[in-house]
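Single-letter residue listing:
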Amino acid sequence: MEAVAFLHEHNISHGDILPQNMMTDALIPQAKKLTEPRIAGVRGPKRRYALIDFETAIVDYSPELLAGFKKDVRDLASALEFNLRCIEDVIPDIVPLFDAMKEYDSPAQPSAAAALSRYEEICGSVSAEELELEVQGRYWHDGQISLRLAPCIHVSDGDT
């Protein structure tokens, strides 16, 4: 969210926000079978993320730029909710944020900066106890949470 808010602040619409265009500086091994333990996430203040593939970007102010901003916010919600919305049983405030971000034709759709601000509020309100709860969902798709078939493995910055 921070990268998209930064782009929009500088009058750039990415135009192609998809999971495959979101990178991280960590290599995460994939489990071979659904029943093997999986890495649930890489945590830590040193973790860095980047967007790639700017061939459809809109740069500088134009009538298409505002529509591009709205599309970026909608596409960001769609890309992130696959892996994040499965925590809605632990952090229910994530649901209305993603729903609002996907409201492309609505004036209620937040800007990237407003979505980032709300996301940071949600994260800031999560207690230490909630952070340690085991999330049962593996991913969220088509309105449903797919449950984990194997335990999670959590990794810190020092482990990667």
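The following refers to the structure shown.

Basis of the calculations
- Residues numbered from 1 in each chain as written.
- Predicted model: local features only at pLDDT ≥ 70, side-chain atom pairs only at ≥ 80, totals over all residues.
- Heavy atoms only, no water.
- Helix = DSSP H or I, 4+ residues; strand = E, 2+ residues; numbered from the N terminus.
- Contact = heavy atoms within 4.5 Å.
- Axes fitted to C-alpha atoms, helices over the stretch in contact; angles between N-to-C directions.
- Parallel < 35°, antiparallel > 145°, perpendicular 65-115°, else oblique.
- Nonpolar A, V, L, I, M, F, W, Y, C, P; charged D, E, K, R; others polar.
- Buried < 20%, exposed > 50% of the residue type's maximum accessible area, 1.4 Å probe, protein only.
- Expected span 1.5 Å × (residues − 1).
- Left-handed = near helix turned anticlockwise from the far one by under 90°.

Looking at unusual backbone geometry
Piece 1. Even without a glycine there, the phi angle at Asn11 is positive, about 55°.
Piece 2. Structurally, the position occupied by Asn11 is in the loop between helix H1 (2–9) and strand S1 (12–13).
Piece 3. Although it is not a glycine, Asp60 adopts a positive phi angle of roughly 80°.

As for the side chain of Asn21
Piece 1. As for its placement among the helices and strands, Asn21 is situated in the loop between S1 and strand S2 (22–24).
Piece 2. If near-sequence neighbours (up to four positions away) are discounted, Asn21 is found in contact with His14, Asp16, Ala50, Leu51, Ile52 and Asp53.

Let's talk about the packing of helix H3 (residues 94–101) against helix H4 (residues 112–124)
Piece 1. Taken N-terminus to C-terminus, the directions of H3 and H4 make an angle of 170°; their axes are 10 Å apart at the nearest point. Taken together, H3 and H4 sit at an angle that is classed as roughly antiparallel. Contacts between H3 and H4 involve Ile94, Leu97 and Met101 from the first element and Ala115, Arg118, Tyr119 and Ile122 from the second.
Piece 2. Taken together, the residues of the contact of H3 with H4 sort by class into six nonpolar, no polar and one charged.

What to know about the environment of Ile122
Piece 1. Here Ile122 is to be found in helix H4.
Piece 2. Ile122 gets classed as buried once you look at its relative accessible area, which sits at 2%.
Piece 3. Ile122 sits 30 residues away from Pro92 along the chain, and the two C-alpha atoms are 9.4 Å apart.

As for helix H2 (residues 63–84)
Piece 1. Look at H2: 32 Å from first C-alpha to last across 22 residues, which is about the 32 Å you get at 1.5 Å a residue.
Piece 2. Of all the positions in H2, only Leu65, Gly68, Phe69, Asp72, Val73, Asp75, Leu76, Ala77, Ala79, Leu80 and Glu81 are classed as buried.

Digging into the environment of Glu55
Piece 1. Looking at where Glu55 falls in the secondary structure, it is placed in the loop between strand S4 (49–51) and strand S5 (58–59).
Piece 2. The class for Glu55 is exposed, based on a relative accessible area of 69%.
Piece 3. Residues Glu55 and Gly15 lie 40 residues apart in sequence; the distance between their C-alpha atoms is 8.2 Å.

Comments concerning the packing of H1 against H4
Piece 1. Two numbers describe how H1 lies on H4: the axes approach to 8 Å, and their chain directions differ by 150°. Between H1 and H4, the crossing angle belongs to the class labelled roughly antiparallel. As H1 runs across H4, the sense of the crossing is left-handed. Only Ala112, Ala113 and Leu116 of H4 make contact with H1, whose side of the interface consists of Glu2, Val4, Ala5 and His8.
Piece 2. Classifying every residue of the contact of H1 with H4 gives five nonpolar, one polar and one charged.

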